[in-house]
Amino acid sequence: MGADFGRSRGTESKFSQWFRRRPKPQHSDVDDTAREALLLAVAEAGMPIAPAAHPVGYRCSCERIGCPTPARHPISFAWQTQSTTDSAQIERWARSQPQANFITATGMNHDVLDVPLTAGNQALERLLAADIDVGPVAVSGDDRMLFFTATRGTPEDEDEWWPCELDCHPETMDEHPGMRWHCRGSYVLLPPAMLPGEVDVHWVRGPENPLPDPLTLLETLTDACAQYADTADQSDLDHDSVAWPLSR
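On a predicted model such as this, the values are computed, not experimentally measured, just so you know.

Reading the values: the criteria
- Numbering of residues begins from 1 in every chain and follows the order in which that chain's sequence is written.
- Two thresholds apply to this predicted model, a pLDDT of at least 70 for residue-level local features and 80 or more for giving and counting side-chain atom pairs, whereas whole-chain, interface and lining totals are computed over all residues.
- Processing note: side-chain calculations cover all non-hydrogen atoms of the structure and skip hydrogens and water entirely.
- DSSP bridges decide pairing: two strands pair if at least two such bridges lie between them.
- Note on conventions: DSSP H or I runs of at least 4 residues are helices, E runs of at least 2 residues are strands, and numbering of each starts at the N terminus.
- Only the stretch in contact is used when a helix axis is fitted, and all axes are lines through C-alpha atoms; the angle between N-to-C directions ranges over 0 to 180 degrees.
- The contact definition used throughout considers only heavy atoms, calling two residues in contact when any of these lie within 4.5 Å.
- Note on classification: 1.4 Å probe, protein chains only; a residue is buried when its accessible area is under 20% of the maximum for its type, exposed when over 50%, partly exposed between these limits.
- The directions from the helix axis to the C-beta atoms form the arc being described.
- To pair, rings of Phe, Tyr and Trp, with the six-membered ring standing in for Trp, must have centres within 6.5 Å; the planes then decide the type, stacked if under 30 degrees apart, edge-to-face if over 60, and tilted in the middle.

1. Structural notes on the sheet that holds strand S13 (residues 199-205)
1) Next: The sheet built from 6 strands is open, its strands ordered S10-S7-S9-S8-S13-S12 with antiparallel pairing. The open sheet has two edge strands, strand S10 (180-182) and strand S12 (193-195), and neither has a second partner. Taking the axes of each pair of neighbouring strands and ignoring which way they run, one obtains an average angle of 25° across the sheet.
2) Next: Sheet analysis places S12 next to S13, joined by 3 bridges and oriented antiparallel. The residue bridging alanine 193 from the neighbouring strand is valine 201, located in S13.
3) Next: Packed onto the sheet, helix H6 (residues 117-129) meets strand S7 (110-116), strand S8 (137-140), strand S9 (144-150) and S13 and runs at close to 45° relative to S9.

2. As for the environment of alanine 52
1) Next: Inspection of the secondary structure puts alanine 52 in strand S3 (residues 49-52).
2) Next: Taking relative accessible area as the criterion, alanine 52 reaches 0% and is therefore assigned buried.
3) Next: A sequence separation of 138 residues divides alanine 52 from leucine 190, and the C-alpha atoms of the two residues are 9.4 Å apart.
4) Next: Apart from residues lying up to four places away in sequence, alanine 52 is in contact with His73, Pro74, Ile75, Ala100, Asn101, Phe102, Ile103 and Leu189.

3. Some remarks on helix H5 (residues 87-96)
1) Next: Those residues of H5 that sit buried are Ile90, Trp93 and Ala94. The buried residues of H5 occupy one face: seen down the axis, they fall within an arc of 95°. Facing away from the buried surface of H5 by more than 90 degrees, the exposed residues are Arg95 and Ser96.
2) Next: Elements in contact with the buried residues of H5: helix H3 (32-44), S3, helix H4 (79-82) and strand S6 (101-105).

4. Quick look at the packing of aromatic side chains
1) Next: Summed over the entire model, instances satisfying the criterion amount to 3 aromatic pairs.
2) Next: With a centroid separation of 4.8 Å and an interplanar angle of 75°, the aromatic rings of tryptophan 79 and tyrosine 187 are classed as edge-to-face. In this pair, tryptophan 79 sits in helix H4 while tyrosine 187 sits in strand S11 (residues 187-189), placing the two residues 108 residues apart along the sequence.
3) Next: Of the residues examined, tryptophan 79 reaches a relative accessible area of 8% and is grouped as buried.
4) Next: Relative to tryptophan 203, the ring of phenylalanine 148 lies with its centre 5.1 Å away and its plane at 50°, an arrangement referred to as tilted. One end of the pair, phenylalanine 148, is in strand S9; the other, tryptophan 203, is in strand S13, and 55 residues separate them in sequence.
5) Next: Phenylalanine 148 gets classed as buried once you look at its relative accessible area, which sits at 0%.
6) Next: Classification of tryptophan 203 by relative accessible area gives buried; the value is 4%.

Structure (structure tokens):
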């Protein structure tokens, strides 16, 4: 299945060929030129980015004691205004901060549907089998899959809008183990990135894939998450513990 992730309508892109040569991309595997090219491809797709922290052994480069999201958060508190698609600025960041991870700010030009990895793999199989257009997809760490979509936009009635505060308040992320819809006020970590413990973030479908309408993926992802929750619920019952809730 993994070899098919990088294909778009039967045509394999240069990014897909690059992915296949490197089964598990890491900072140590990705040279500076390839890393920069991947970041610029994200910006070219209209997704603004900003520098993020990186791992230092099992710690975060921010040196915050007990950092709740080590190597997953932006360097600057002004990440929303700092995020950019300007290629010259991205090149400067990439060259001056060779160890830095990068985040992309969601809710401006794109959203991200963030699901448990098991549910994401199941959903991706079903979506591709149904010949549904799937945009960029990434695996984040060893437990999450990220589906990049077009943003739902800003409605005229602000009461119809809900902000995403999962990343603004990362201490609460463990309370949302099901689906997370990253929209305005949120961000996700971009590939290629490294996390503590030599865990990586990598593309399985590259940023050259067009961003789909999130509603075309939502039902399949929701069903997969529900099945995942049922499995987790049964496992928790077997161990006399509390089942994980679903959250958006």
